Amino acid sequence: MWFYSISTLLASVIIAPVVVKSLFPYLWSDVLYFKDLLCILVKFVTRRRRRPPFLVLDRFLQQRSAFPDKPYIVFENETFTYAETDKRSNQMANALLDHPRLEAGQPVALFMGNEPAFIFTWLALAKLGSPAALLNHNIRNKSLLHCFNCSKARIILAAAELKSAVEEILPTLLEQKVTVLLMTEQCDTPGMESFADKVRLASDAPPPQSLRSHVHFKSPAVYIYTSGTTGLPKAAVVNQNRLLTALALLSANMSHNDVVYINLPLYHTAGFIVGFIGSIESGSTIVLKRRFSASQFWDDCRKHNVTVIQYIGEVMRYLCNTPKRENDKEHKVRLAIGNGIRAEIWKEFLQRFGNMDVREFYASTEGNVGFINYAGKVGAIGRVNFLHASLFPFALLKYDTDNDEPVRGSNGFCIKSPKGETGLLVSKITDIAPFTGYAQNEEQTERKRLRNVFKKGDLYFNSGDLMRIDHDNFIYFVDRVGDTFRWKGENVATTEVSDILTACDCLKEANVYGVQVPGHEGRIGMAAVTIKEEAHFDGPRLYLHVVNFLPSYARPRFIRTQKAVEVTATFKQLKVKLVKEGFDPDLITDPLYILDDAEKSYVPLTANIYGSIAAGNIKL
């Protein structure tokens with residue numbers, strides 16, 4: 001009897017984990033996530049209760065004390081320790097403080113590329129209690145002036161190589177009595193002051209802590225600008241509390257032993273918060289690059305023993321498109337963190353470069369909700385669970401793409417999308433999940449607020465993103481509201497169509513959008529594509545591919561081949577210009593093709609064919 005009982009017990013011990021894993025395949029991932037989330041909450045609450053307020057700068061000063069001689073920034077042929085970085089930022093702060101036009105607490109516009117001076121300057125401004133407006137160093141003229149004015153800064157601090165860009169708007173800046181400081185040893189341009197010489201001669205003693213005594217959790221820490229894919233950029237206000245939250249959240253992924261490779265722009269959320277702020281929390285080393293280079297990426301990782309990489313948008317695709325090497329898997333990278341990787345590229349990336357941990361997440365600069373795919377499910381941006389939903393209440397709403405608004409029922413309230421169906425992501429605006437909006441742009445701020453969603457008086461943040469939750473509670477990004485179009489009574493998600501197009505052998509990239517056709521309701525599908533090297537546009541092959549994988553209403557009727565798909569500095573595809581240009585061969589110099597069911601191919605779109613479409617003689 002005792003032998004039978006022991007056998008039964010042993011069998012139960014052996015079988016139980018198998019049964020649990022079969023019935024609850026993500027239980028262990030959920031448990032570990034809940035543990036991490038609990039630790040994050042404890043850390044965040046503990047820091048929030050400290051007086052004076054504990055800010056990101058305070059965490060940097062802790063790391064400076066703990067690891068003074070540890071390399072913090074590796075840039076080209078230079079290395080700066082935590083202590084050296086602190087001293088450089090002190091010099092910058094003291095030089096700014098000595099300037100007659102600057103008062104501590106005033107916002108300062110930072111117009112620099114990826115270089116150590118960017119980090120020194122932000123830390124310096126934090127020591128002065130001054131928010132920094134992070135200007136995109138690629139923008140010019142009207143956009144640059146617009147972004148500068150959004151911040152209400154009276155000083156612009158620019159890199160030497162951006163002198164000509166500032167000169168283009170200098171007359172207006174001088175009219176506005178703006179001080180222009182150039183990071184150079186000397187400057188002969190009237191209206192500009194050299195500043196690198198002042199920094200070099202300034203004291204490296206810490207500025208008085210009293211200079212930032214006015215800073216509290218709701219004080220703006222930084223202005224980060226949207227990419228401006230649909231118009232002029234907007235300045236999202238990121239306050240001290242938001243940075244402190246990011247600091248706590250990023251503590252779960254990195255440690256002081258990590259080496260983080262930052263090749264994304266520091267003026268953008270990914271480079272600034274995930275890369276720079278994340279390194280402050282973990283006490284890790286930054287390998288900083290001026291810009292992303294697919295050809296140098298892995299050589300840099302091997303040279304500097306990089307353990308953490310970042311990605312956004314099409315970065316992973318660019319890496320997968322580089323020529324294969326025998327040493328592709330020879331590196332120390334353990335973690336890739338970012339957002340925007342497509343499922344097929346995700347799989348290809350891991351197969352080629354090794355089985356590292358890919359932490360795909362969802363967040364927006366101004367948004368009040370985020371997700372992280374802690375379970376590693378390919379294609380998902382996160383996993384929905386009760387703890388996350390209780391802290392950050394959100395919902396997916398049925399959405400009317402024709403009228404560009406959520407569907408409301410007879411009672412006037414919004415309707416939730418059933419599980420498995422696409423819906424608009426909205427998140428309740430609360431004290432824990434606030435929405436601070438855009439600087440100097442109340443109209444755009446109000447457009448992001450959605451009122452009377454489920455009951456009178458409630459208030460939600462409208463993400464503008466369409467999502468889907470599957471029956472395993474994984475959440476997937478489907479498309480942006482402006483990118484989804486309606487044709488033949490069906491909604492078409494451009495991201496999904498793009499994924500399928502780029503799976504065709506001859507295509508490298510695809511930017512999918514909808515264009516209007518005279519006499520037709522809605523918008524029909526069109527794609528601007530690039531061709532792979534040593535390949536050619538294969539009309540019959542592409543036709544067969546889209547017919548096999550896409551329903552008729554989602555098949556791009558028009559194809560436009562380009563040498564390169566136009567993207568923003570953060571690799572978001574530009575669509576507005578393409579939509580306006582449409583498919584008129586008299587206006588477009590790029591090769592154009594039309595899907596021809598009779599020929600079972602994509603054939604050249606001639607002026608005669610276009611004329612027949614415009615006249616209504618060809619049905620689409």
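Structure shown above.
Rules behind the numbers
Residues numbered from 1 in each chain as written. Predicted model: local features only at pLDDT ≥ 70, side-chain atom pairs only at ≥ 80, totals over all residues. Heavy atoms only, no water. 1 Å grid on protein atoms, 1.4 Å probe; cavity = no way out; pocket = protein on both sides within 12 Å on 5 of 7 lines; lining within 4 Å. Points joined across faces, edges and corners; volume = space filled by probe spheres on them. Helix = DSSP H or I, 4+ residues; strand = E, 2+ residues; numbered from the N terminus. Nonpolar A, V, L, I, M, F, W, Y, C, P; charged D, E, K, R; others polar. Buried < 20%, exposed > 50% of the residue type's maximum accessible area, 1.4 Å probe, protein only. Pairing = 2+ DSSP bridges. Axes fitted to C-alpha atoms, helices over the stretch in contact; angles between N-to-C directions. Parallel < 35°, antiparallel > 145°, perpendicular 65-115°, else oblique. Contact = heavy atoms within 4.5 Å.

**Student:** Is there a simple way to think about the layout of surface pockets in this case?
**Tutor:** The probe, sized like a water molecule, is rolled over the atoms to show the empty space still left. Volume-wise, the second largest pocket comes out at about 460 Å³. What lines the second largest pocket is a set of 19 residues, among which Phe 44, Arg 48, Asn 241, Asp 431 and Ile 432 lie closest to the centre. Listed by contribution, the elements that provide at least two residues to the lining of the second largest pocket are helix H2 (27-48) and helix H9 (240-250). It is H2 that provides the largest number of residues to the lining of the second largest pocket, a total of six residues. Classifying every residue of the lining of the second largest pocket gives 12 nonpolar, four polar and three charged.

**Student:** Could you clarify how one ought to interpret the pairing of strand E29 (residues 592-596) in this entry?
**Tutor:** Regular strands show a simple pattern: their side chains alternate between the two faces of the sheet. Within E29, four of the five residues are buried, which leaves the element mostly enclosed by the surrounding structure. Relative to E29, strand E28 (residues 558-561) is paired through three bridges, and the arrangement is antiparallel. Bridge pairing in E29 links Ile 559 to Tyr 593. Here E29 pairs with strand E30 (residues 601-604) via four bridges, running antiparallel. Across the sheet, Leu 595 pairs through a bridge with Tyr 602, a residue of E30. Remark: four residues form the turn of the hairpin made by E29 and E30, two consecutive strands paired antiparallel; Lys 600 in that turn has positive phi of roughly 50°.

**Student:** It is not clear to me how the packing of helix H3 (residues 56-66) against helix H4 (residues 82-98) should be interpreted in this structure. Could you clarify?
**Tutor:** Across the interface, H3 lies against H4 with an axial gap of 8 Å and an inter-helix angle of 135°. Relative to H4, the element H3 is oriented oblique. Residue-level inspection shows Phe 60, Leu 61, Gln 63 and Arg 64 of H3 in contact with H4, the latter providing Tyr 82, Ala 83, Thr 85 and Asp 86. Residues belonging to the contact of H3 with H4 are distributed by class as follows: four nonpolar, two polar and two charged.

**Student:** Help me understand unusual backbone geometry in this model?
**Tutor:** For residues other than glycine, phi is negative in most cases, and the peptide bonds are mostly trans. Note the cis peptide between Arg 51 and Pro 52, where omega equals 0°. Relative to the assigned elements, Pro 52 resides in the loop between H2 and H3. Backbone geometry at Glu 534 places phi at a positive 65°, although glycine is not the residue there. Summarising the element assignment, Glu 534 is placed in the loop between strand E27 (524-531) and helix H17 (539-549).

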